[in-house]
Amino acid sequence: MYARLLGVMNALGTVWIFLLMVLINSDILGRELFSSPVRGTTELLSLSIVGIVFLQLGHALMVGRMTRSDMVIETLLVKNPRFGRALQGLFALLGAVFLAIIFWGSIAPFNEAIEIGEYVGAAGDFTAPTWPIRLLILIGSAATGLQYLIMAWQDFRFVFTGDQ
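Scope of this entry: the structure provided in the associated data block. Everything quoted here is computed from the prediction, not taken from an experiment.

1. Structural notes on the overall build of the chain
Thought 1: Assigned secondary structure in the chain consists of five helices and two strands.
Thought 2: Traced from its N-terminal end to its C-terminal end, the chain shows the element sequence α-α-α-α-β-β-α.
Thought 3: By the compact-globule yardstick of 15 Å for 164 residues, the chain is too spread out, its C-alpha radius of gyration being 20 Å.
Thought 4: Over its C-alpha atoms, taken along the principal directions, the chain stretches across nearly 65 × 35 × 30 Å.
Thought 5: Taking the intrachain contacts of the chain between residues at least 6 apart in sequence as the baseline, contacts between residues at least 24 apart amount to 72%.
Thought 6: Accessible area for the chain stands at about 10400 Å²; split by element, carbon and sulfur atoms hold 68% of it.

As structure tokens, then:
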């Protein structure tokens, strides 16, 4: 069930990327053919990158596509699987702590964005609220932190019981 939620979040991020491609191409064509760019393209792009990253982060972690240097851990997993999994579990716990810090640090900016009506852009030209992206940061960091905890639990279960 949780894997499905991360998959849906990943798919939403992918659709969002496609829509950004359409927006960027429309902006380029508007500039070149009609001397009229699509207003707000740069603002939407800057917000979208953050939103997409946090939507797709948990799924990337779950399927093993997070960037990491695994030469040492792979060797340990082969030569001493219990120690390797214990170390991997410790790293996953540290990842969960890191994401919890991001989550905790993102609560106040999210609340402030709602309270003051924070937006990007220029009033009278184009504005977009920032709270939806700040909400995605909260959702994505919570989902990724939970995925780290799941991975830590799996590793430590192997260490103590030998079960995969």
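2. Here we look at the environment of threonine 130
Thought 1: Tracing the backbone through its elements, the reader meets threonine 130 in the loop between strand E2 (126-129) and helix H5 (131-161).
Thought 2: Put simply, threonine 130 and tyrosine 119 are 11 residues apart on the chain and 5.2 Å apart in space, counted from C-alpha to C-alpha.
Thought 3: Every residue in contact with threonine 130, bar those within four places of it in the chain, is listed here: Leu47, Ala113, Glu118, Tyr119 and Val120.
Thought 4: In this structure the side chain of threonine 130 is engaged in a polar contact, spanning 2.7 Å, whose partner is the side chain of glutamate 118.

3. Points about the pairing of strand E1 (residues 119-122)
Thought 1: Bridging between E1 and E2 involves four bridges; their strand directions are antiparallel. Among the inter-strand pairings, valine 120 is bridged to a residue of E2, identified as alanine 128.
Thought 2: The antiparallel pairing of E1 with E2 creates a hairpin that spans three residues between the two strands, and glycine 124 there sits at a positive phi of about 90°.

4. What to know about the layout of surface pockets
If a probe the size of a water molecule is rolled over the atoms, the empty space left behind becomes visible.
Thought 1: Its boundaries defined by the atoms lining it, the largest pocket holds a volume of some 480 Å³.
Thought 2: Lining the largest pocket are 22 residues, with Leu61, Arg68, Gln88, Tyr148 and Met151 positioned closest to its centre.
Thought 3: Of all the secondary-structure elements, those providing two or more residues to the lining of the largest pocket are helix H2 (41-62), helix H3 (71-79), helix H4 (81-116) and H5.
Thought 4: For the lining of the largest pocket, the element with the highest residue contribution is H5, accounting for five residues.
Thought 5: A breakdown of the residues in the lining of the largest pocket according to their chemical character gives 12 nonpolar, six polar and four charged.

Calculation criteria
- Residues numbered from 1 in each chain as written.
- Predicted model: local features only at pLDDT ≥ 70, side-chain atom pairs only at ≥ 80, totals over all residues.
- Heavy atoms only, no water.
- Helix = DSSP H or I, 4+ residues; strand = E, 2+ residues; numbered from the N terminus.
- Rg over C-alpha atoms; globule rule 2.2 N^0.38 Å.
- Contact = heavy atoms within 4.5 Å.
- Areas by Shrake-Rupley, 256 points an atom, 1.4 Å probe, with all protein chains shown as cover.
- Polar contact = N/O pair within 3.5 Å; in protein donor to acceptor, adjacent residues only side chain to side chain.
- Pairing = 2+ DSSP bridges.
- 1 Å grid on protein atoms, 1.4 Å probe; cavity = no way out; pocket = protein on both sides within 12 Å on 5 of 7 lines; lining within 4 Å.
- Points joined across faces, edges and corners; volume = space filled by probe spheres on them.
- Nonpolar A, V, L, I, M, F, W, Y, C, P; charged D, E, K, R; others polar.

Keep in mind these values describe shape, not function.
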